[in-house]
Amino acid sequence: MPARAYQASGLSAPGAIPRLAVVCLLAAAAGGVVEGLVSRWLSLLLLFPLLLGGIVGFAAGRVIAGSHVRAPWMAALVAGVAGLFAQLAVHAVQYVEFRYELGQQLAAAQPGVDGAGAGAVVDQILQQETGQAGFAGYLQFRAKLGTEIKKAGHSSGIKLEGAAFWVLFAVNFLLAGGIAASSAFGRANAPYCEPCQRWYEQHQHVASGSADKSAVAGTLRALDAGVVTEVPAVFGAAKPDGVAVLQLLRCAGCSDHEPQLSLTVITGPAKKQKTKNAYKSMLRPDEARSLLGAFAASPAQKQPG
């Protein structure tokens, strides 16, 4: 039985997608505003977009789980757009701060200039410096000034300006949107039992075996060939330096569902363990029963009760 990926149904609860969009945009706006305000004192460059994407992805995951969204691509699209909006909100806050501070300076230097007049002068300055006024002119002005990357405690670093600034600008947007989209896709693509209307949440340990390459390779060959009765013989026994774990993820509400089998290989000492997901596949109910029965009948393996 060659590995068979889970296929989401594309369904969701009534009103789930609009709810997902609203929550993601609210999380994006909140995260973007906070980062925009904090960035005047602290700028972590690529880490901030990753954090924004994580915030939107977390919010999306909560809605997806609660509203039973099983439409991975739609969820990814909604969360990804919200991630881009979050990054845009950062620049919008910085733009508002820029206009306010420069306007205050102009008003202080020219007492007769009021707020509206100062705003007009700011636009005039941007027009002179970049050829554009407003938000577009501000971004062009930022690119002209550049962004400096430096290590903590250092007075100088690498300055990114012009094309380099725009590359960083684009990367930040891609990170924020990509992380949010990836998180939402993964959550919406988790196994779900359509008859029971519930996510798979029950983990059933099948067996623990050898993490040796030969044993793992033999196990994968037996699984790919669909000869589950041979799996216990080649699976081997766990050793102190590594263990392979076979586990079923299944619906807790019924027995007539397709569980998801995974093979995880864990190697190395306790403090420096390396975990590798070697295999993941959906099984038919009869295939799962045959696999469990093969381990239960094997003298070399004991299935946990």
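Residues numbered from 1 in each chain as written. Predicted model: local features only at pLDDT ≥ 70, side-chain atom pairs only at ≥ 80, totals over all residues. Heavy atoms only, no water.

Colleague: Would you explain the overall build of the protein chain in this entry?
Modeller: Across its full length, the protein chain holds nine helices and eight strands. Relative to the compact-globule value of 19 Å for 305 residues, the protein chain shows a C-alpha radius of gyration of 27 Å, a clear excess of over 25%. Projecting the C-alpha coordinates of the protein chain onto the three principal axes gives extents of approximately 95 × 50 × 30 Å. Out of the 305 residues in the protein chain, the part that is buried amounts to 40%. Pairs at least 24 apart in sequence give 69% of the contacts found in the protein chain among residues at least 6 apart. Here the protein chain displays about 16300 Å² of accessible surface, and carbon together with sulfur accounts for 62% of that area. Distance between charge centroids for the protein chain: 7 Å, based on 25 positive and 18 negative side chains. (Helix = DSSP H or I, 4+ residues; strand = E, 2+ residues; numbered from the N terminus. Rg over C-alpha atoms; globule rule 2.2 N^0.38 Å. Buried < 20%, exposed > 50% of the residue type's maximum accessible area, 1.4 Å probe, protein only. Contact = heavy atoms within 4.5 Å. Areas by Shrake-Rupley, 256 points an atom, 1.4 Å probe, with all protein chains shown as cover. Lys, Arg positive; Asp, Glu negative; His and termini not counted. Charge placed at Lys NZ, Arg CZ, Asp CG, Glu CD.)

Colleague: How should the sheet that holds strand 7 (residues 260-267) be read in this particular structure?
Modeller: Strands pair in a sheet through their backbones, by hydrogen bonds, and they do so in one of two ways: parallel or antiparallel. Spatial ordering of the open sheet is given by 5-6-7-8, a layout of four strands whose pairing is antiparallel. Since the sheet does not close on itself, it has two edges, and those belong to strand 5 (202-209) and strand 8 (274-282), each with one partner. Here the average twist between neighbouring strands, direction ignored, is 20 degrees. Pairing of strand 5 with strand 6 (residues 242-250) involves seven bridges; the strand directions are antiparallel. When the bridges of strand 6 are listed, His205 appears paired with Gln247. Lying over the sheet, helix 7 (residues 213-225) contacts strand 7 and strand 8, oriented at roughly 170 degrees with respect to strand 7. (Pairing = 2+ DSSP bridges. Axes fitted to C-alpha atoms, helices over the stretch in contact; angles between N-to-C directions.)

Colleague: I tried to follow the confidence of the model for the protein chain on my own but got confused; where do I start?
Modeller: Do not read the predicted coordinates in detail wherever pLDDT is low. Averaged over every residue, the pLDDT of the protein chain is 89; the share at 70 or more is 92%. Within the protein chain, strand 1 (residues 147-149) has the poorest average pLDDT of any element, 70, and strand 3 (residues 192-193) the best, 97. (pLDDT = per-residue confidence, 0-100.)

Colleague: How should a nonpolar patch on the surface be read in this particular structure?
Modeller: A cluster of nonpolar side chains, Val34, Val38, Trp41 and Leu42, forms an exposed patch at the surface whose accessible area comes to about 430 Å². Here Trp41 is to be found in the loop between helix 1 (16-38) and helix 2 (47-67). (Patch = residues over 30% accessible without salt bridge, like charges linked within 9 Å, V, L, I, M, F, W, Y side chains within 5 Å. Salt bridge = Lys/Arg side-chain N within 4 Å of Asp/Glu carboxyl O.)

Colleague: Mind showing me how you'd approach helix 7 here?
Modeller: Since the α-helix turns once every 3.6 residues, residues separated by three or four places project in the same direction. For helix 7, which comprises 13 residues, the first-to-last C-alpha distance of 18 Å matches the rise-based estimate of 18 Å (1.5 Å per residue) to within 8%. Of all the positions in helix 7, only Ala215, Val216, Gly218, Thr219, Ala222 and Leu223 are classed as buried. Summarising the axial view, the buried residues of helix 7 lie within an arc of 160 degrees, below the 170-degree limit, and thus occupy one face. Turned more than 90 degrees off the buried face of helix 7, the exposed positions are Lys213, Ser214, Arg221 and Ala225. If you follow the buried residues of helix 7, they end up packed against helix 8 (231-235), strand 7 and strand 8. Positive backbone phi, approximately 80 degrees, marks Gly226, located one or two places after helix 7. (Expected span 1.5 Å × (residues − 1). Arc of directions from axis to C-beta.)

Colleague: Looking at this model, I keep getting lost on the environment of Pro191. Mind explaining?
Modeller: Checked against the element boundaries, Pro191 lands in the loop between helix 6 (163-188) and strand 3. C-alpha of Pro191 to C-alpha of Ala30: the two residues are 161 residues apart in sequence and 31 Å apart in space. Excluding residues that lie within four positions of it along the chain, Pro191 makes contacts with Tyr6, Trp199, Tyr200, Leu249 and Gln260.

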